[in-house]
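Breakdown of the fold
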Amino acid sequence: MSNELIQPNGGTLVNRMVEGDAAKALAEAAASMPSITLSDKQACDLEMIAIGAFSPLTGFVGPDDFRSICTSMKTSDGTPWPIPITLSVDDDVKATLSEGGQAALHHRDGTLLAVIDIESIYEHDKALEIPNVFRTEDEAHPGVKAVMDEGDWCVGGPIHVLTVTPEHEPGEQFTDHRLAPAQTRAAFSERGWKTVAAFQTRNPIHRAHEYLCKCAQEICDGLLIHPLVGETKPGDIPADVRMNCYETIIEHYFVDDRTMLTVMPAAMRYAGPREAVLHALVRQNYGVTHFIVGRDHAGVGDYYGTYDAQNIFDEYDEGDIDVTPLKFEHAAWSHRAQGMVSSKTFPKFENDQVFLSGTKVRDLLAQGERPPAEFSRPEVADVLIEWATSEAATPTA
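The structure contained in this document is the topic of the report that follows. For clarity, every value in this text was computed on a predicted model and none was experimentally measured. (Residues numbered from 1 in each chain as written. Predicted model: local features only at pLDDT ≥ 70, side-chain atom pairs only at ≥ 80, totals over all residues. Heavy atoms only, no water.)

**Some words on the sheet that holds strand 13 (residues 331-334)**
Backbone-to-backbone hydrogen bonds join strands into a sheet, with any given pair of strands oriented parallel or antiparallel. Strand order in this open sheet of 3 strands is 14-13-15, and the pairing throughout is antiparallel. Edge strands, defined here as strands with exactly one partner in the open sheet, are strand 14 (339-342) and strand 15 (353-354). Bridge analysis of strand 13 against strand 14 gives 4 bridges, and the strand direction is antiparallel. When the bridges of strand 14 are listed, alanine 331 appears paired with serine 342. (Pairing = 2+ DSSP bridges. Helix = DSSP H or I, 4+ residues; strand = E, 2+ residues; numbered from the N terminus.)

**Side note on the pattern of salt bridges**
Evaluated as defined, the whole model comprises 16 salt bridges. Put simply, aspartate 64 and arginine 67 hold a salt bridge, and the shortest N to O gap is 2.9 Å. Taken together, the positions of aspartate 64 and arginine 67, both in helix 3 (residues 63-72) and 3 residues apart, correspond to about one turn of that helix. Note that lysine 74 is salt-bridged to aspartate 320, the shortest N-O span being 3.0 Å. In this pair, lysine 74 is assigned in the loop between helix 3 and strand 3 (88-89) and aspartate 320 in the loop between helix 11 (308-311) and strand 12 (324-327), connecting sequence segments 246 residues apart. Classification of aspartate 320 by relative accessible area gives partly exposed; the value is 21%. (Salt bridge = Lys/Arg side-chain N within 4 Å of Asp/Glu carboxyl O. Buried < 20%, exposed > 50% of the residue type's maximum accessible area, 1.4 Å probe, protein only.)

**A closer look at the sheet that holds strand 8 (residues 196-201)**
Overall, parallel pairing links the 5 strands, which are arranged 10-9-8-11-12 in an open sheet. Two strands in the sheet have a free side with no partner beyond their single neighbour: strand 10 (259-261) and strand 12. Neighbour-to-neighbour, the strand axes of this sheet turn through a mean angle of 25 degrees, independent of strand direction. Pairing between strand 11 (residues 290-293) and strand 12: 4 bridges, direction parallel. Each residue of the ladder has a partner; that of phenylalanine 291, found in strand 12, is proline 325. (Axes fitted to C-alpha atoms, helices over the stretch in contact; angles between N-to-C directions.)

**Notes on the side chain of threonine 262**
Residue position: threonine 262 is located in the loop between strand 10 and helix 10 (273-285). A distance of 3.5 Å separates a polar atom in the side chain of threonine 262 from a polar atom in the side chain of histidine 226. Apart from the residues lying within four places of it in its own chain, the contact partners of threonine 262 are His177, Leu179, Thr184, Leu224, Ile225, His226 and Pro227. (Polar contact = N/O pair within 3.5 Å; in protein donor to acceptor, adjacent residues only side chain to side chain. Contact = heavy atoms within 4.5 Å.)

Without other data, these values stay purely geometric and don't point to any function.
Given below as structure tokens:
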């Protein structure tokens, strides 16, 4: 890894994968350990810890880090970290565990994924976590509901990971694009990229997104389009459809040797501002120097202000976060300007800019109609039409 690349969060890139004879011995020992079956979110978190994407975390957080992260957006040693990564369990599972012992961590399909050294078992203080992390206690918020539904106990300690690939995982795992931070860093060095901008997305890229990416490319050596393909909420476009959209737009509208596409196997929390910081720090671990933060990043509904996810970076002291947030205004196509504009670059005129709601776009796609070319590239729209019309034709239970 080139010394010229940005340092990982906390200074060291974590690797919790166990291989060879050590892995075989650990798997044999795990057979006699108490077992914890991970939720989909926890399985995503385990992979992110294992590959170093959640550096400096070496496992699920203990009580000191939990409290510190919730209240100060830093771990107990002062390293920036905005959301506690917890392994919550219910009363029945907690009764089988003991501090100082170990437990086997299984995927819901039965695959043995890892072993955790149990350093702590502590009460899951949801009353502390929820209002601090999500800035709301409304259980209609998907992130709040997910935490409320979790167990009332947390297990903290380092993990030793055998595999992050379940044996019977349904659907596409994007193996060719599933690069760990050490691999993206190596790719950046090979390409000679010293500055890299990352674009976080859980949606297809429309013209406004493309505009943000192109602006970032003008000031950085390269662009990493880095979609989240872990657990999302019902109603989000499936990851395989989105990947087809990303590949299509890159093929037709981006410079290949200045653009990379890899996936991030994290779970969405929809925590708005705090999740924007999490996404930035994770990208720093992947070797990214600049991170695109648009309006309502990682938000849901109307829980967060339009630019709360940008302003939260100002709550950290100078020098705390090495990655540079690129704070973009809302962008749209202007008929008068004949191009993409924002409030920073072009005055507003009545009925000039093209704005479409997600519902309107979904309705057009389901009817086999392309949204206006000023909103979405036609090649991307065609991918989405094929998916939307197929979905509309599928009977629901």
